Amino acid sequence: MVYKFRVILDAEEDIFRDIAILANDTLEDLHNAIFNSFGFDGMEVASFYTCDDTWNQEDEIPMFDAGDIPGEQKTMSNYLLSDILDTENTKIIYVYDFINMWTFLVELAAVGEISAGNTYPETIFSHGEMPAEAMEKHFYADDEEENYNEFEDELDEEDLDMFEGDDSFEDFGFEENWN
């Protein structure tokens, strides 16, 4: 079987690629197809994230095993596409380059038969030009909208001077001008 994905860059403009890849290829193969189709050099770290139907991020599937016990953490190369994506579970998030946070919404658009003479994976459609820089991301807690610090308005000068007049550091042998 051939999986056909639409890979959409999380940006203000419409920038996407349609990629055809074999269902028994791995997430690592899809990773390679994505960075090649968008023109990246493939030298940065990336991860996939499972998600729900509304793109809420769930479990990370990294490129490399970074766990405490080697071999304990499954990586992209351990997952066949057909193991985690099907007609019921069609969405996954891809993040390339954790400094710039290039974020892509990857959706399984169709499942078809292998076409004789085609080489997979292949980019079957391309729309839009990549911007020079990734879109700036804003991260919020689930119950927050744009209020980063619920206590921000309650701070006053007394809060900032919490150690003023406090001699408790002398108990530890610190001098005021220790450096």
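Residues numbered from 1 in each chain as written. Predicted model: local features only at pLDDT ≥ 70, side-chain atom pairs only at ≥ 80, totals over all residues. Heavy atoms only, no water.

Caption draft 1: Structural detail: the pairing of strand S4 (residues 57–62). Where strand S3 (residues 46–51) meets S4, 4 bridges bridge the pair, whose relative direction is antiparallel. Bridged to Ser47 within S4 is Pro62. From the end of S3 to the start of S4, which pair antiparallel, there are 5 residues, and Trp55 there has a positive phi angle of about 70°. (Pairing = 2+ DSSP bridges. Helix = DSSP H or I, 4+ residues; strand = E, 2+ residues; numbered from the N terminus.)

Caption draft 2: Here's a closer look at the environment of Ile84. With respect to the helices and strands, the residue Ile84 is situated in helix H2 (residues 81–84). Between the C-alpha atoms of Ile84 and Thr50, which are 34 residues apart in sequence, the distance is 8.4 Å. Setting aside residues no more than four positions away along its own chain, Ile84 makes contact with Leu27, Ile61, Tyr79, Asn89 and Ile92. (Contact = heavy atoms within 4.5 Å.)

Caption draft 3: Structural context of the confidence of the model for the chain. Taken as a whole, the chain shows an average pLDDT of 83; of its residues, 76% reach a score of 70 or greater. Considering each helix and strand of the chain separately, the mean pLDDT is smallest for helix H3 (residues 157–160), with a value of 55, and largest for strand S2 (residues 16–22), with 97. (pLDDT = per-residue confidence, 0-100.)

Caption draft 4: Focus on the packing of aromatic side chains. Overall, the coordinates contain 9 aromatic pairs when judged by the stated rule. Judged by centre distance (6.0 Å) and plane angle (75°), the ring pair of Tyr3 and Phe5 falls under edge-to-face. Here Tyr3 matches Phe5 in class, with each residue buried. Look at Phe40 and Phe104: their rings are 6.2 Å apart centre to centre, the planes differ by 85°, and that puts the pair in the edge-to-face class. One end of the pair, Phe40, is in the loop between helix H1 (27–37) and S3; the other, Phe104, is in strand S6 (residues 102–112), with 64 residues separating them in the sequence. Of the aromatic side chains, those joined through ring pairs into one cluster are Phe35, Phe38, Phe40, Phe48, Tyr94, Tyr96, Trp102 and Phe104. The ring of Tyr79 is capped by Lys74, whose NZ or CZ atom sits 5.2 Å from the centre of that ring. (Phe/Tyr/Trp six-rings, centres within 6.5 Å; stacked < 30°, edge-to-face > 60°. Buried < 20%, exposed > 50% of the residue type's maximum accessible area, 1.4 Å probe, protein only. Lys NZ or Arg CZ within 6 Å of the ring centre and 35° of its normal.)

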